[in-house]
Amino acid sequence: MRSVVAPPRRARRVTATALLEVRDIVVRFGGVTAVGGVSFDVGDGQICGLIGPNGAGKTTLFNCISGFYRPNEGEIRFDGQRITGAPRHRMAGLGIGRTFQNLALFRSLSVRDNVLAGAHHLGRAGFLACALRLPGAVREAAATAGEARRLLALLDLEAVADIPVASLPFGTQKRVELARALISRPRLLLLDEPAGGLNHGEVDDLADLLRRIRAEFSLSILLVEHHMNLVMHVSDKVVALDFGRKIADGTPLEVRTNAEVIAAYLGEAPRERAA
């Protein structure tokens, strides 16, 4: 395998208090421990990269944070509130948005309608008010449509807004899913392999976009990603996993020069990895 990363830019130090706290998380599938006592924080306004070889436990941990899995042990807190094992349908309302490695879009719907679907939980007018088009419901719908237009412009999706997503290239669909997550007004954005399937130019654009999103929406980002150059250049901190345990936690420079991280990617013979 080629070298882990190119030299990163100097990381932006974020000193704000933790928005996400992951404490001693353990996840077992039968007799296999997929995550073994992992702890880390994501600061308010911080971009945190979660890395590791295939089977290191990244996706399992991600699924615990986003409510898809319930850990066997440990605690997850968001903005001081315990969310361990909270159902996934509550996450958007709590302020946690997510994209997926395998796209989870409504393929027959237009780009615009997919984005608007992400704002469903924000509705306060009620079914009857919407059906009768009462003034409050009309104002609410107009505000949501305006926010959708802003996101379509930000993510360069205006030209395809009324086209079914199934007919669009994979990279464009990735941006649609990102817009749908952003319209939910998250404070924490969970990105699962956002660079997957993108070419080098698109990855560079994604790095710039993530920084802009962090600034414009005042949110934190936790991304699981195999593209090491992206992670090291965009992240304020990086957490590295291997065989379900944390092996490094620090700035991009600290993690990329960590002996255990180098060994996990380059220096050891293959072993049976956790799920």
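The structure contained in this document is the topic of the report that follows. Here the residue index of a chain counts from 1 through its sequence in written order. In keeping with the predicted nature of the model, local features appear solely for residues at pLDDT of at least 70, side-chain atom pairs appear and are counted solely at 80 or more, and the whole-chain, interface and lining totals rest on all residues. Calculation of side-chain values draws on the structure's entire complement of heavy atoms; hydrogens and water are dropped beforehand.

1. Some words on helix α6 (residues 170-182)
Helical geometry: 3.6 residues make up each α-helical turn, so side chains three or four residues apart lie on a common side.
Piece 1. The secondary structure listing takes helices from DSSP runs of H or I that are at least 4 residues long and strands from runs of E that are at least 2 residues long, numbered from the N terminus. The span you would expect from a helix comes to 1.5 Å times its residue count less one. The end-to-end C-alpha distance of α6 is 19 Å, a good match for the 18 Å that 13 residues give at a rise of 1.5 Å each.
Piece 2. In terms of residue burial, α6 counts as a mostly covered element, since eleven of its 13 residues are buried. Remark: exposure states derive from per-residue accessible area (1.4 Å probe, protein chains only) relative to the maximum for the residue type, with buried under 20%, exposed over 50%, and partly exposed in between.

2. As for the sheet that holds strand β3 (residues 47-51)
Piece 1. In this description, strands pair whenever DSSP reports at least two bridges between them. Spatial ordering of the open sheet is given by β6-β7-β8-β3-β9-β10, a layout of six strands whose pairing is mixed. Since the sheet does not close on itself, it has two edges, and those belong to β6 (96-98) and β10 (245-250), each with one partner. Adjacent strand axes in the sheet meet at a mean angle of 15° when their direction is disregarded.
Piece 2. When β3 meets strand β8 (residues 220-224), the two strands line up parallel, connected through four bridges. Structural elements are reduced to axes, namely lines fitted to C-alpha atoms, with helices fitted over the stretch in contact, and the angle between N-to-C directions of any two is expressed from 0 to 180 degrees.

3. Observations concerning the pairing of β3
Along a regular strand, successive side chains alternate from one face of the sheet to the other.
Piece 1. Of all five residues in β3, five are buried; the element is thus mostly enclosed.
Piece 2. Every second residue of β3 is oriented toward a common face, with Ile47, Gly49 and Ile51 on one face and Cys48 and Leu50 on the other, all of them buried.
Piece 3. In the sheet, β3 pairs with strand β9 (residues 237-242) via four bridges, with the strands oriented parallel. Bridge pairing links Ile51 to Ala240 in β9.

4. Side note on the side chain of Glu193
Piece 1. Secondary-structure assignment places Glu193 in the loop between β7 (188-192) and α7 (200-217).
Piece 2. Positive: Lys, Arg. Negative: Asp, Glu. His and the chain ends are not part of the count. The working definition used for a salt bridge is a side-chain nitrogen of Lys or Arg within 4 Å of a carboxyl oxygen of Asp or Glu. Of the side chains with opposite charge, Lys58 lies nearest to the buried Glu193, which makes no salt bridge, at 5.5 Å.
Piece 3. In what follows, residue pairs with any heavy atoms lying within 4.5 Å of each other are defined as contacts. Not counting the four nearest positions on each side in its chain, Glu193 is found in contact with Gln101, Lys174, Val224, Glu225 and His226.

5. Examining the environment of Arg212
Piece 1. Looking at where Arg212 falls in the secondary structure, it is placed in helix α7.
Piece 2. Take Arg212: its relative accessible area is 42%, and that puts it in the partly exposed class.
Piece 3. The spacing of Arg212 and Leu154 is 58 residues in sequence and 9.5 Å in space, taken between C-alpha atoms.

6. Remarks on the side chain of Lys237
Piece 1. Within the secondary structure layout, Lys237 lies in strand β9.
Piece 2. What makes Lys237 buried here is its relative accessible area of 13%.
Piece 3. A distance of 2.9 Å separates a polar atom in the side chain of Lys237 from the backbone oxygen of Asp41.
Piece 4. For Lys237, the residues in contact, after removing those within four places along its chain, are Asp41, Gln46, Ile47, Cys48, Gly49, Asp249, Gly250, Thr251 and Pro252. By the criterion applied in these results, polar contacts are pairs of N or O atoms within 3.5 Å in which, for protein atoms, one can donate a hydrogen and the other can accept it, and in which residues neighboring in sequence qualify only through two side-chain atoms.

7. Observations regarding unusual backbone geometry
Piece 1. Although it is not a glycine, Asp79 adopts a positive phi angle of roughly 55°.
Piece 2. By the element assignment, Asp79 lies in the loop between β4 (73-78) and β5 (81-82).
Piece 3. Residue Asp79 is classed as partly exposed on the basis of its relative accessible area, which comes to 45%.
Piece 4. Within the chain, Glu193 stands out as a residue other than glycine whose phi angle is a positive 55°.
Piece 5. A relative accessible area of 7% places Glu193 in the buried class.

8. Considerations on a nonpolar patch on the surface
Piece 1. Like-charged residues within 9 Å of one another, or nonpolar side chains (Val, Leu, Ile, Met, Phe, Trp, Tyr) within 5 Å, are grouped into patches, provided each residue has over 30% relative accessible area and no salt bridge. Only the protein chains shown count as covering a residue, and every accessible area follows the Shrake-Rupley method with a 1.4 Å probe. Taken together, the side chains of Phe29, Val32, Phe68 and Tyr69 present a nonpolar region at the surface, about 310 Å² in accessible area.
Piece 2. For Val32, a relative accessible area of 39% puts it in the partly exposed group.

9. A short note on the pairing of β9
Piece 1. Of all six residues in β9, six are buried; the element is thus mostly enclosed.
Piece 2. Between the antiparallel neighbours β9 and β10 lie two residues, among them Phe243 with a positive phi of about 50°.

10. A word on the packing of aromatic side chains
Piece 1. Stacked, tilted and edge-to-face are the three classes applied to pairs of Phe, Tyr and Trp rings, where Trp contributes its six-membered ring and a pair requires centres within 6.5 Å; stacked means planes under 30 degrees apart, edge-to-face means over 60, and tilted covers the rest. Evaluated as defined, the whole model comprises two aromatic pairs.
Piece 2. Ring centres of Phe29 and Tyr69 lie 5.6 Å apart, and the angle between their planes is 75°; this geometry places the pair in the edge-to-face category. Within this pair, whereas Phe29 is found in strand β1 (residues 18-29), its partner Tyr69 is found in the loop between α1 (58-65) and β4, the two being separated by 40 residues in sequence.
Piece 3. On the accessibility criterion, Phe29 (35% relative accessible area) is partly exposed.
Piece 4. Taking the relative accessible area as the measure of exposure, Tyr69 reaches 33% and is therefore partly exposed.
Piece 5. Sitting over the face of the ring of Phe68, Arg98 holds its NZ or CZ atom 5.1 Å from the ring centroid. In this analysis the charged atom, NZ for Lys or CZ for Arg, is taken to sit over a ring once it is within 6 Å of the ring centre and within 35 degrees of the ring normal.

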